[in-house]
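# Observations on chain architecture
Listed below, chain by chain, are the residues.
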Amino acid sequence: MSYDNLGRTAVVTGAASGMGEATARLLAANGARVALLARRADRLDELAESIAAAGGQALAVPVDVTDGASVDAAADRIHHAYGPVDLVVNSAGVMLPNPVDDGRIDEWSRMIDTNLTGALRIIRAFTADLVAAAAERRPADLVNISSNGAHVTFPQYAVYGATKAALTHLSATLRTELGTRDVRVTNIEPGLTRTELDQHLDNPELSSQLGDMYEAIGTLAPEDVADLIGYVVSRPAHVNLRQVIVLPNRQV
Ligand code: NDP
């Protein structure tokens, strides 16, 4: 889909794959300058080249959102190259399900530090830019990719779901601080989407269970979520879709 009026400066985390990559491509195709953030520099370089070849503008910025110094350095690089940003998409995330009895504090810490604190580090780095853009009466957007797992309970996914419930609540509450200054905060809750998210599971039984769900229910494509983000951020500046749940038809 194409959207008008995206001549904006965007930061997209999780841009190495999945929804982040698809969102970066869509925003760039619609005229945004896009900073591409994730850890895999090779993937970001390939994406930046592909966007440039299609006539867009993108900057590969390798970063680990679990590392505050890395996020600060990334923000410096982006500001130096592009100046202040007016559109931030938090798509970086990991999903590492296992039975709670396994006590996998390594996985729990990684999910909390990426999905929640990682998003907060990015918010900390760019909130001043968003507030300044809104003060100049330009559209300013913070888009957080949460999950329908913020609401649905599912065995083995307790900690992942908890990080997403926290992100959903964070998005809603941030509107009380940022919405009053005309920064739009949008929380997107996708259902099953075919990406690389399931490739980090270390539990074969749960991997195969997820594969069965894909078969039985069907999936969204990452481009479907990107399309939704393109729609949300191209509404008139006073319109904030604050919470959007997007599911494949057969997912309840
Ligand atoms: P992907 O695994 O394809 O994308 C996740 C991205 O996050 C990757 O590009 C990865 O790149 C990046 N990332 C992971 N850890 C870090 C880190 N420490 N620092 C910087 N970047 C990091 O999955 P999706 O596109 O599906 O995931 C996007 C978001 O959507 C996630 O928050 C996920 O929880 C959420 N979601 C996904 C659903 C699905 O069914 N796929 C459903 C609902 C929500 P790299 O490894 O190079 O750092």
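Above this text you will find the structure in question.
So, here's what we can say about the structure. (Residues numbered from 1 in each chain as written. Predicted model: local features only at pLDDT ≥ 70, side-chain atom pairs only at ≥ 80, totals over all residues. Heavy atoms only, no water.)

### Some words on the nonpolar core
Core analysis: the biggest nonpolar cluster contains 34 residues, and L27, V34, L36, I188 and I229 have the highest contact counts within it. Mapped by element, the contributors of at least two residues to this core are strand 1 (9-13), helix 1 (18-29), strand 2 (33-38), helix 2 (41-53), strand 4 (87-90), strand 5 (141-145), helix 7 (222-233) and strand 7 (243-246). Listed in part, the 31 residues of the second largest apolar core include A74, A119, L174 and V185. (Core = buried A, V, L, I, M, F, W, Y, C linked by side-chain atoms within 4.5 Å. Buried < 20%, exposed > 50% of the residue type's maximum accessible area, 1.4 Å probe, protein only. Helix = DSSP H or I, 4+ residues; strand = E, 2+ residues; numbered from the N terminus.)

### A closer look at the packing of aromatic side chains
As enumerated under the stated definition, the model contains one aromatic pair in all. Consider the rings of F154 and Y157, whose centres lie 5.5 Å apart with planes at 65 degrees: the pair is edge-to-face. Classification of F154 as partly exposed rests on a relative accessible area of 33%. For Y157, a relative accessible area of 10% puts it in the buried group. The aromatic ring of Y231 is capped on one face by R235, whose charged end is 3.8 Å from the ring centroid. (Phe/Tyr/Trp six-rings, centres within 6.5 Å; stacked < 30°, edge-to-face > 60°. Lys NZ or Arg CZ within 6 Å of the ring centre and 35° of its normal.)

### Points about the sheet that holds strand 6 (residues 184-190)
Pairing in this open sheet of seven strands is parallel, and the strands run 3-2-1-4-5-6-7 from one edge to the other. The two strands at the open ends of the sheet, each matched to only one other strand, are strand 3 (57-62) and strand 7. Averaged over all adjacent pairs, the angle separating strand axes in this sheet is 15 degrees, with direction ignored. As judged from the three bridges shared by strand 1 and strand 4, these two strands associate in the parallel manner. For V12, the partnering residue across the bridge sits in strand 4 and is V89. Those strands touched by helix 7 are strand 4, strand 5, strand 6 and strand 7, and its axis lies near 160 degrees from that of strand 6. (Pairing = 2+ DSSP bridges. Axes fitted to C-alpha atoms, helices over the stretch in contact; angles between N-to-C directions. Contact = heavy atoms within 4.5 Å.)

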